Amino acid sequence: MKNTVKSISLLSLALVLGACGTSAPTASAPVGSAPAANRASILKATPNTPTLWFVELAGDPTTLSVQSVSGQQASFRAQAAQQGVKYQEVRSFQTLFNGFSVQASEAEINRISRLPGVLGVYPVKEIAAPKVEVNLTDALTPDMFSAIKMTGADVAQNELGLTGKGIKVGVIDTGVDLEHPAFAGRVVAQYDFVGDDYDFGKPTKPDPIADDCGGHGSHVAGIVGGNDASKGFKGVAPEVSFGAYRVFGCDGSTSEDIMIAAMEQAYKDGMQVVNLSIGSAFENWEGTPSAKVGSRMVKKGMIVVASAGNSGASGQYSMGGVTMGDNVISVASVSNTEIEVKNFSITPDGSKIGYFAATGAPEAAAGGSLPISKNAASTPTTTNDGCLVGGVNPYAASSMTGKAVLIRRGTCTFYEKAKNAQDAGASAVILYNNTAGYISPTVVGAAPITIPVVSISAADGAKISGLIAGNVSMTFQSGTLNIPSPTANTLDTYSSYGLSADLELKPDISAPGGNIRSAYPLEKGNGGYATLSGTSMASPHVAGAAALMLQAFPNTKAKDMRGLLMNSATLRWYRAASGTLFTGLPDYVQRQGAGMVDIVGSYYNTVRATPNKLSLGESATFATRNKVVVLKNTWTRNETFMAYHYPALTVGGTTLTPAVSQAYATMTINGQDADKADVMVTVPAGGETELNVVITAPAGAPDKSQYGGYIVLESSSGQNMVIPYAGFKGDYQSIQALGNLTIGGASYNFPALFDDKEDTFFEEGEVATAPIDYTFKGIALDPSKPTELTNDAPYVIAQLSHQVRKMTMELLDANGAVVDTLLKQEYLGRNCTNNVALTSNTCDAYNTYAWDGKLSNGNAAANGTYQLRLKALKAQGDESVATDTEVYTTQKFTVARP
C-alpha cells in the first residue's frame, strides 16, 4: 500500500544535503525535485552493514592477573560460540582494556551484550585526523620562541636547566619524520599500526617504521621537544626521548580501537608521558572506552595529556575522547602572542606596516613605490567605503591609475571594493579593518582581481588615512615583520567547551595552540617547518611541561602531575567576536580550565592543593555546595596566603549558541565572605591546612547555564595558586535529549520513522493515513541501478540534542507490550548540530537506529503488527525516575514478508 507523501520527501532531503555547506539554509529551499540518482545515503539506514563494536568484559585489567583476563576472554568466546552468536573478532585487549573490538550487526551485538561477564558494548568511533589550520608559506609564521615564552619554557631551559633529558614521551599521532634533524637520534621506540594507505574501514598494512607522511605528528613532536640547532628551533623539552606511534595513514581517519592499541603499546614500551592530540568530539563521557583507558594509563604511572578538541563553534559539551579520562590532563588552546607577516613601508617616516594578503589576488612583488590615495569622502568612520553607490563605481574612471587605494572595511564585499578600485586603474588595494585585529579577506569573484590586495589593522589604516593629504607612498618589502597577535593570550574560538556529560570540570588547563610554528615532514617542503593552529598544538606544550617537571621532581606521581600544573596556572580573559577584550571577569572555566600553564610557577610552588579542581554538579537540589580543599606544604617554612574568590564568566545561551552571562556564584572560605575580603590562611612547614569552601550557585544566572570561578591564593613569597570550580545552574535533566531536526530551513518533529521504499517519513505523533509495511527484501531505490539494493526495513532517525547515558530500542507488539529489546547503547555523544545543512564528514546532525527484522535470539520476527520504541536515559539520570528517561514510540507498522 502506498504511504502518504509528505511535504518533503526523502528524495528532497537528498537535494538539501547535496547542497550542504557553511551557509545557513533558506526556508525557500526547493523540495520534491531531486532525481532518484541523487538520493543521499546519509538519510537512509544500512541495517545489514556490519558495525565495529567494543565488547568490554567485567573486571579492570590493571587489577587482575594476565591469567584471569585471559580466562575471562576465553570464557566469553566459548559462550558466544555455544549460543551461535555471529561476530568477527578484530582486536583483543588485555592490558588497559578488558575485551575486544568486533565486527557484528546490531542484532548480534545486542545478543553479545546479554552474555554473562559482558560489562558493556560500545560503537567503535571513527576518529578523524585532527583538523588544523595549516600554513606552509611565510605569510603567517610565528616562531616557536614566542610560544615557549608564554609558558615559561624558555626560563626553564635557560635558567633552571630543565630540558626533559631522561624522560620518554610517546606521541600517538601520524608518526614522526624520522629523518628530520629536530628528532635526530631521539626516537627510541616506534610502532606503525596502519600504513600509508589506511583510512577508517580499510585494512591496515603497517610499515616497519612509524614515519610521518601526514605532518601532524611531527608538528606535535616538535612542540613537545624538537631540537634543530641549524634552524635555532627548540620545543618545550628539547632533550626528551620519543616513542612514535602511528595510527593514521597519509590521509583520512583512524579507528578508536587502533588508538587504544597504540595506548597499550606506549604503556608496554615504558613511556612516562604520552600525548594524544586526537579525540572524538561530543563523546564527552569518562566511561567511554578510550577515556577509561586514558585513566588507567595514569593509574599505571603514565602522565597522559590530550587535546580538548576543536569543536568550540558547535557550542557547549563539545569535548570528547581520551581527554575526558579522570586523571588525563585535558588541554585547551590559547592564541600565540606574536605573528610574523609580510609588510610594506610608508613615507615619510619609513615605518613598516604588517599585512595579510587577500585570497584571490596576486602576490605583491617587493620593491617599487606607489602613491597611496583614497576616495575623497573616505574617513576612518566611513561605513561604505569603496562600495557601489546606486550601482555606480565611487571612483571616477582612471582616477586611481598607478596608485594604491586605501579602503575601509564595511557594508559591501571585499571583492566589490577591490574591483571598483581596479576598474579605476589602481595598482594595489589596501583594505583596513573597522574593528580591532586583522582580517584575511577573500576577493574571489566573477571577474578576476589582477592587482595585489592586502589587509591591515584599523589603527594602521587610520594612520595612513591621516597621512594621505601629505602625499604618502608605500613600498612592498621582501622581508617579514613580527607583530603582536590581535588575539594574543586569549582562548582560541575553536577550543572546545566542557563540562563533561557527568558535569565534571573539563578542560583542565590551557596552553599556546593558535599559530604555532613547528617541525613538519621534510618531504612536504618549506624547509621542514609549518605553522598550524589547534588544541592539537596546545596539548604537546603541556606534555613537554610535564616532562620538564618530571625531570625536576622525578618522584611525582602521574595522578599528581595535573594538580602540580593546574595549581600554578594563570587566568585568561574573554575576547568577544568583535575583537574587544573583556576584562571584567576571566574567560569561562569551561573553556580554559585552570588557565595558562606556567612552568616556572609550577617549579617554585611548594604547596599543593587536593583536589585540584571542584566539580559541583547541578544546583536544582543543592544550590549550595560544601567542599574541603587540603593544602599541603612540601617546604621547610610556613606559607601564608591571602585567599579569595575570583568568579569567571557564566556560560549562558543554548547548547549550540553559548552566550556570556556576568552573573556569578558567591563563596565563603572557612566561614568568611571570600567575595568581600581576603581570608588569611597559613600552611605550616611540612604540614597541611584545610579550606572549608561553601559555593552558592548564582541566583541571577540563566537556567541551564554553566557557572564557575576560582579560589585564588596569593602569598608574600610569590607563590600564587588557583583552584577552579564549575557547576550547572538548575535541573540538569531538564535539558532535552531527543530534539527536532531542521531540514531545508524547516523544523520537523523528530525522532521519525523512515520508509525508504515509499520515500517518506513519519514525524513523532503524526497519524499515518495509510498502512506502513516492510518486507525486509532488497529493493532498488534508483531504477537506473537495479543491482544496488537496500533492505526494505524500518529505521528511526533521532537528533540527540544532549549526551545520552543509555539508549534502548524495544520492539512492541500491536498491544504495546514489549516483545524484545533490540538494541542497548551506553555513553552516547550529542550531535554537533540540529541542522542537516550544517553537517560535515566529521559532524552529524542525527543518529540512525535500524531494525533488521530479527529478534535478539537471531530468529526472524513473525509477520504482524509492531512498533519500535526508543528510550533515552538522560545524562546523570536515574532509571527509576520516569522523567529522567525520554521515550519515543513509532507509528504501528506491519512486517509483511512475502
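Refer to the structure above for everything that follows.
The text that follows walks through the structure, step by step, so that each part is easy to find. Computed from a predicted structure; not experimentally measured. Residue indices begin from 1 for each chain and proceed along its sequence in written order. Reporting of local features is limited, given that this is a predicted model, to residues whose pLDDT is at least 70; pairs of side-chain atoms are given and counted only at 80 or more, and all residues count toward the totals for whole chains, interfaces and linings. Values reported for side chains reflect all heavy atoms of the structure, with hydrogen atoms and water molecules removed beforehand.

## Here's the deal with the pattern of salt bridges
Phase 1: What counts as a salt bridge is simple: a side-chain nitrogen of Lys or Arg found within 4 Å of a carboxyl oxygen of Asp or Glu. Under the definition given, this model contains 28 salt bridges.
Phase 2: Between R246 and D192 there is a salt bridge whose closest N-O contact spans 3.0 Å. Of this pair, R246 sits in strand β11 (residues 241-246) while D192 is found in strand β8 (residues 187-192), placing the two residues 54 residues apart along the sequence. Grouping residues by exposure puts R246 and D192 together as buried.
Phase 3: E363 is paired through a salt bridge with K342; the nearest N and O atoms lie 3.1 Å apart. In this pair, E363 is assigned in the loop between β17 (352-357) and β18 (369-373) and K342 in strand β16 (residues 338-346), connecting sequence segments 21 residues apart. Helix and strand assignments come from DSSP, with helices taken as H or I runs of at least 4 residues and strands as E runs of at least 2, each series counted from the N terminus. Residue burial is assigned from relative accessible area. The probe radius is 1.4 Å, only protein chains are included, and a residue is buried under 20% of its type maximum, exposed over 50%, and partly exposed in between.

## Comments concerning the sheet that holds strand β28 (residues 607-610)
Phase 1: Here we have five strands laid out as an open sheet, ordered β28-β30-β37-β34-β35, and antiparallel in their pairing. The sheet terminates laterally at β28 and β35 (672-673), the two strands that pair on one side only.
Phase 2: The pairing of strand β34 (residues 666-669) with strand β37 (residues 688-696) spans four bridges and is classified as antiparallel. Following the sheet pairing, M667 is matched in β37 by I695. Each pair of strands is called paired provided DSSP finds at least two bridges between the two strands.

## Points about the environment of D673
Phase 1: Tracing the backbone through its elements, the reader meets D673 in strand β35.
Phase 2: Since its relative accessible area comes to 31%, D673 is described here as partly exposed.
Phase 3: Along the backbone, D673 and H645 are 28 residues apart, and their C-alpha atoms lie at a distance of 8.8 Å.
Phase 4: The contact partners of D673, leaving out residues within four places of it in the chain, are M667 and T668. We call two residues in contact whenever any of their non-hydrogen atoms come within 4.5 Å of each other.

## Here's the deal with helix α11 (residues 535-552)
Phase 1: The terminal C-alpha atoms of α11 lie 26 Å apart, and with 18 residues this matches the ideal 26 Å at 1.5 Å per residue to within 8%.
Phase 2: Taking burial as the measure, the 18 residues of α11 include 16 buried ones, the bulk of the element. Helices are assigned an expected span. That span is 1.5 Å times one less than the residue count.

## Some words on the state of the cysteines
Phase 1: The disulfide criterion is simple: two cysteine sulfur atoms within 2.5 Å. Within this structure, the stated rule accounts for two disulfides.
Phase 2: At a sulfur-sulfur separation of 2.0 Å, the disulfide partner of C213 is C250. An S-S torsion of about -100° defines the bridge between C213 and C250 as left-handed. Taken together, the residues span a long stretch of sequence, with C213 in the loop between β8 and α6 (216-225) and C250 in the loop between β11 and β12 (254-255) at a distance of 37 residues.
Phase 3: What makes C213 buried here is its relative accessible area of 11%.
Phase 4: Classification of C250 as partly exposed rests on a relative accessible area of 26%.
Phase 5: The partner cysteine of C387 in its disulfide is C412, sulfur to sulfur 2.1 Å. Where C387 bonds to C412 through sulfur, the torsion about that S-S bond is close to -90°, and the disulfide is left-handed. Here C412 lies in the loop between β19 (404-408) and α9 (414-423) and C387 lies in the loop between β18 and β19, a separation of 25 residues in the sequence.

## A look at the packing of aromatic side chains
Phase 1: Any two of the Phe, Tyr and Trp rings considered here, Trp counted by its six-membered ring, make a pair once their centres fall within 6.5 Å; the pair's planes then place it as stacked at under 30 degrees, edge-to-face at over 60, or tilted in between. In this structure the tally under the stated criterion is 29 aromatic pairs.
Phase 2: Measuring from centroid to centroid gives 6.2 Å for W573 and Y646, while their planes differ by 65°, and the two rings are edge-to-face. Taken together, the residues W573 in strand β26 (residues 573-575) and Y646 in strand β31 (residues 639-647) connect sequence positions 73 residues apart.
Phase 3: Taking relative accessible area as the criterion, Y646 reaches 23% and is therefore assigned partly exposed.
Phase 4: For the ring pair F776 and W851, a centre distance of 5.5 Å and an interplane angle of 85° mean the geometry is edge-to-face. Within this pair, whereas F776 is found in the loop between β45 (773-774) and β46 (778-780), its partner W851 is found in the loop between β51 (847-850) and β52 (864-874), the two being separated by 75 residues in sequence.
Phase 5: For F776, a relative accessible area of 12% corresponds to the buried category.
Phase 6: Through a chain of ring-to-ring contacts, the aromatic side chains of Y748, F750, F754, F761 and Y795 assemble into a single cluster.
Phase 7: The ring centre of Y497 lies 5.6 Å from the NZ or CZ of R591, which sits over that ring.
Phase 8: Only when the NZ of Lys or the CZ of Arg is both within 6 Å of the ring centre and within 35 degrees of the ring normal is a charge said to sit over the ring. Looking at R805, its charged tip hangs above the ring of Y827, at a distance of 3.9 Å from the centre.

## Describing the pairing of strand β44 (residues 760-763)
For a regular strand, the rule is simple: side chains alternate between the two faces of the sheet.
Phase 1: Judged by which residues are buried, β44 turns out to be covered on both faces: T760 and F762 on one side and F761 and E763 on the other are all buried.
Phase 2: Pairing of strand β43 (residues 752-755) with β44, which is carried by four bridges, proceeds in the antiparallel orientation. Looking across to β44, one finds that F754 is bridged to F761.
Phase 3: The hairpin turn running from β43 into β44, its antiparallel successor, is four residues long, and D759 in that turn takes a positive phi close to 55°.

## Some details on the sheet that holds strand β15 (residues 329-335)
What holds strands together in a sheet is hydrogen bonding between their backbones, with the strands either parallel or antiparallel.
Phase 1: Strand order in the open sheet formed by seven strands is β8-β11-β7-β13-β14-β15-β23, and the pairing between neighbours is parallel. Each having just a single partner strand, β8 and β23 (509-514) make up the two edges of the open sheet. Shown here is a sheet whose adjacent strand axes are inclined to one another by a mean of 25°, direction ignored.
Phase 2: The pairing of β8 with β11 spans five bridges and is classified as parallel. In the sheet register, V187 faces β11, and the bridge partner there is F242.
Phase 3: For helices, the fitted axis covers only the stretch in contact; all axes are lines through C-alpha atoms, and the angles between them, taken along N-to-C directions, range from 0 to 180 degrees. Across the sheet, helix α12 (residues 558-566) lies against β14 (303-307), β15 and β23, angled at about 30° from β15, the strand it touches most.

## Remarks on the packing of helix α7 (residues 256-268) against helix α8 (residues 289-299)
A packed helix pair is summarised by two numbers, namely the angle formed by the two axes and the spacing between the axes.
Phase 1: At a minimum axis distance of 10 Å, the contact between α7 and α8 shows a crossing angle of 5°. The angle between α7 and α8 places the two elements in the roughly parallel class. Between α7 and α8, the residues in contact are E256, M259, I260 and M263 and P289, S290, V293, G294 and M297, respectively.
Phase 2: A class-by-class count of the residues in the contact of α7 with α8 yields six nonpolar, two polar and one charged. Should an angle lie under 35 degrees it is considered roughly parallel, over 145 roughly antiparallel, and from 65 to 115 roughly perpendicular; all remaining angles are considered oblique. All residues other than Ala, Val, Leu, Ile, Met, Phe, Trp, Tyr, Cys, Pro, Asp, Glu, Lys and Arg, Gly among them, are scored as polar; the first ten of these are nonpolar and the last four charged.

## A few points about the nonpolar core
Phase 1: Counting residues in each nonpolar core, the largest one holds 110 residues, and the members touching the most others are I172, L276 and L565.
Phase 2: Ranked by residue count, the leading element in this core is α11, at 10 residues. What we call a nonpolar core is a set of buried Ala, Val, Leu, Ile, Met, Phe, Trp, Tyr and Cys residues that are connected through their side-chain atoms within 4.5 Å.

## Let's talk about the packing of α6 against α11
Phase 1: Their axes nearest at 7 Å, the elements α6 and α11 cross at an angle of 35°. Two packed elements cross with a definite hand, and for α6 against α11 that hand is right-handed. Each of H216, H219, V220, I223 and V224 in α6 lies in contact with α11, whose residues at this interface are S536, M537, P540, H541, A543 and G544.
Phase 2: For the contact of α6 with α11, the class distribution of residues is six nonpolar, five polar and no charged. Each helix crossing is assigned a hand: it is left-handed if the near helix lies turned anticlockwise from the far helix by less than a right angle, otherwise right-handed if that turn is clockwise.

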